[in-house]
Amino acid sequence: MNMFGRIRLVATREFLVAVSSKGFLFGILVMPLIMMALIAVIPKLLNQRGTQVNVEVAFIDQSAALSSALGAELSPAAVAETRNAGRREVQQMGAAGRQVADAVLPESVPTFTVKNLPANATVDSQKQWLADGRIGKRARRALVLMPADAVVRTEGAAGYGNYRLYAPRNLPADAEGILHGALRKVLTVERLRSAGFDPLVVKAATDIPRSPTKLVSPNGEEQGAQALNRMLPFIMGVLLFIGVMTGGQALMTSTVEEKSSRVVEVLLAAVSPLELMWGKLLGQLGVGLVGLGVYVALGVVALLQFAMFGFIDPMLILWLVVFFLIAYLVYGALMLAVGAAVSQIADAQSLMGPIMLLLMVPYMLTFVIGATPDSALAVASSFIPPVNAFAMMARLASSSPPPVWQVLLSVLAGIVGACIAVWFAARIFRVALLMHGKPPSFATMIKWARIG
Amino acid sequence: MSQQFVGDGDVADVLKLLGVEKSFSGQPAVTALDLAVPRGETCGLIGPSGAGKTTSIRIIMSILFPDAGKVEVLGRPSALDAKDRIGYLPEERGVYRKMRVGAFLKYLACLKGMPEALARSRARELLAKLGLEDVEKKKCEDLSKGMLQRVQFVGAIVHQPELLILDEPFGGLDPVSVRLLKGVISDERRRGTTILFSTHVMAHAEELCDRVVMIHKGRKVLDEPMSSLRRRYDPTRVLFEPLDPKANLDGLRDIAGVVSMQVKDGEAELQVAAGTDPSMVIREVAARVVPARVEIARIRLEDVFVGIVRSDAKSGESEQALRQHLQGLTGGAA
């Protein structure tokens, strides 16, 4: 049997064993399902929050100008109107916004009853009332003290006096927010009116809704999905990371298992170390591609769901595969070398640390590089393996894609990096497969690679 | 089962080593090893644990590379070029624990270039021969240690190799497995397979080998066909055990041709003069004292080995330890 036949046999076995393992099935199939389920369930859970409460608001109005206005602003109709205005604003952000609106704006709205107290009532006299615990499950209490100069400034003062809100611990956050909002609104209106302005005019003048940004490209006007565009470089980083980890981790563990179970010497009677290494590398590459494919497919389905697939350049998926191959070969080869160097999984942890760091840093950098795709850092790291796959993917997915020559140069740099990593792994593989005992340090591994 | 090997059939020596040296971090493991195994021969590589047997075998298999010297396997400069025609059972052998026995054997055979269908039928046939008819569908991890070792042995021969290399094939095996394995090894011999196997138990080598190569501390100390070894160590000793343990044996000294006699634990060992027919002595001994047992002492590899390395076995105690080891009574290094 020739070399390629043997590599194919090893790769096939490696692939089939990996994809039929429970860990893979869980990681690839169950995890996305769980994530999707969470996305579907979390809004519902958020809606559950806070049963409808009735808040009794005691109001000490020393300014004597606001008691009726506050009562009106806290009427159920006014509260509902304010809430719907907020919802409309979020909904303008597109389909995704509607989901967010449903998620963060709960259906149950608290109701308010305003109880006006005499202006000379003191906060101390009301504390007992506030703290009274025997008022029922849905009843809440709050006290607002409005100072005399809240609407009309005292002579010579720079600002208005501000209100104070007193409440026991159990006042729900959304009720508190509505209360603050209503107080701010009635104060603004009354202050404008007492200063001689028409509040309706001021409102019309200052109410400027946020207009969605229209993206313009050579193809003409596109509907914007800025949030998606900003996320894309990071999403690419995540996809590379998942693909590399899926394949690389399995590569390491399967090699350690072959070593510790001593099956490796039996194998070496049939295949050369190099054939074994390539077989494993290619087999797990298939596993990584399946993992990557599942997540990309999920992403595409999600985008189609929200009718946003048009915002993504299909070439991006092609580049993702190319840079995945590069990143996988670099990190996969290193993890393979670690697997071959140690005799037990436990010993692998200390050697995996630096490799994980080498994988985490570029992945984190996709945040920075995606935001500033033309910075010196972004350009330089596009050509330095092993960071380059992540850096270039982030730039390709960013708002300002790099010129083609840079992409090709990055691919070339990646290929060189991958060759070095595979060479290193091959040397380690030959030397270390039959060694047992104390795990080597990285320095020892480099020595092995040098002297073979 | 008889099958003629084609290609390289004219290569007289299937296995050739010339001046092979290997040391590990300055510590020599194999020194100036020459070896030639002709086609069809069963050669025993013997010596105590730590003698360098496994290192030599790994060099033959190109799993290790020699520091100096030449290796030729099946007419090729490296076993890597002839892997498909070699069967190898390493001393430290493993399996894929989660794999089914049938699938594992099929995988090994396919790696060696055997067509899938043939691999499956051959694996089934060999498993049956080793008393493992119903394990094909079982996972390797569900087998007992003895069964697993038999499965591993099947893995080494499933692809019908021309050259079979077995490193301590009987190590840690129960007597039943040893017997079954020896049967299959004999079958392979009859098929014309060249076999090299290592063992530290001399009795196995005596039973199976055409030739023995003894290694001691990395050096070859003996390389001789069993037949010539038996001739060279001429049967000049007669062992005698009287039926009555208290019988007086002194009369035996006068038998013609007996040079000396030693009595130990009620058993007499008579040294016969060279050129004297020992069967004459036996007849005479039996006539003088009623025997429980009387026999010509056969050459024992253990004695040969101990004789060769006596200089190292200084005290009686260490010689006894070495003998126990060579009899397979102790597994560790001597």
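As the structure is a computational prediction, the values presented were derived from the model and not from experiment.

Caption draft 1: Spatial organisation of the overall build of chain B. Of the regular secondary structure elements, chain B holds ten helices and 13 strands. With the principal axes as the frame, chain B shows a C-alpha extent of 70 × 45 × 40 Å. Across the 334 residues of chain B, 50% fall into the buried class. Of the contacts formed within chain B by residues at least 6 apart in sequence, a portion of 69% connects residues at least 24 apart. In the structure as shown, chain B presents an accessible area of about 15,200 Å², 50% of it carried by carbon and sulfur atoms. On chain B, the mean spot of the 48 positive side-chain charges and the mean spot of the 46 negative ones are 5 Å from each other.

Caption draft 2: Region of the structure containing the confidence of the model for chain A. The share of residues in chain A with pLDDT of 70 or more is 87%, and the mean pLDDT across the chain is 83. Here strand 6 (residues 220-222) of chain A is the element of chain A with the lowest mean pLDDT, 53, and strand 4 (residues 164-166) of chain A is the one with the highest, 92.

Caption draft 3: A look at the packing of helix 12 (residues 315-341) of chain A against helix 16 (residues 404-432) of chain A. Residues and elements named next belong to chain A. Running from N to C, helix 12 and helix 16 point in directions that differ by 20°, and their axes come no closer than 8 Å. The angle between helix 12 and helix 16 falls in the class roughly parallel. As for how helix 12 packs across helix 16, the hand of that crossing is left-handed. A per-class count over the contact of helix 12 with helix 16 returns 24 nonpolar, three polar and no charged.

Caption draft 4: Up close: the nonpolar core. Residue and element names in this part refer to chain A. Phe323 and Ile428 are the most contacted members of the largest nonpolar core, which has 170 residues in total. The element that contributes the greatest number of residues to this core is helix 12, accounting for 18 residues. Sequence-distant contacts of isoleucine 428, that is, excluding residues within four places in its chain, are made with Ala337, Ala340, Ala341, Leu433, Met445, Trp448 and Ala449.

Conventions we followed
Residues numbered from 1 in each chain as written. Chains lettered and ligands numbered in written order. Predicted model: local features only at pLDDT ≥ 70, side-chain atom pairs only at ≥ 80, totals over all residues. Heavy atoms only, no water. Helix = DSSP H or I, 4+ residues; strand = E, 2+ residues; numbered from the N terminus. Buried < 20%, exposed > 50% of the residue type's maximum accessible area, 1.4 Å probe, protein only. Contact = heavy atoms within 4.5 Å. Areas by Shrake-Rupley, 256 points an atom, 1.4 Å probe, with all protein chains shown as cover. Lys, Arg positive; Asp, Glu negative; His and termini not counted. Charge placed at Lys NZ, Arg CZ, Asp CG, Glu CD. pLDDT = per-residue confidence, 0-100. Axes fitted to C-alpha atoms, helices over the stretch in contact; angles between N-to-C directions. Parallel < 35°, antiparallel > 145°, perpendicular 65-115°, else oblique. Left-handed = near helix turned anticlockwise from the far one by under 90°. Nonpolar A, V, L, I, M, F, W, Y, C, P; charged D, E, K, R; others polar. Core = buried A, V, L, I, M, F, W, Y, C linked by side-chain atoms within 4.5 Å.

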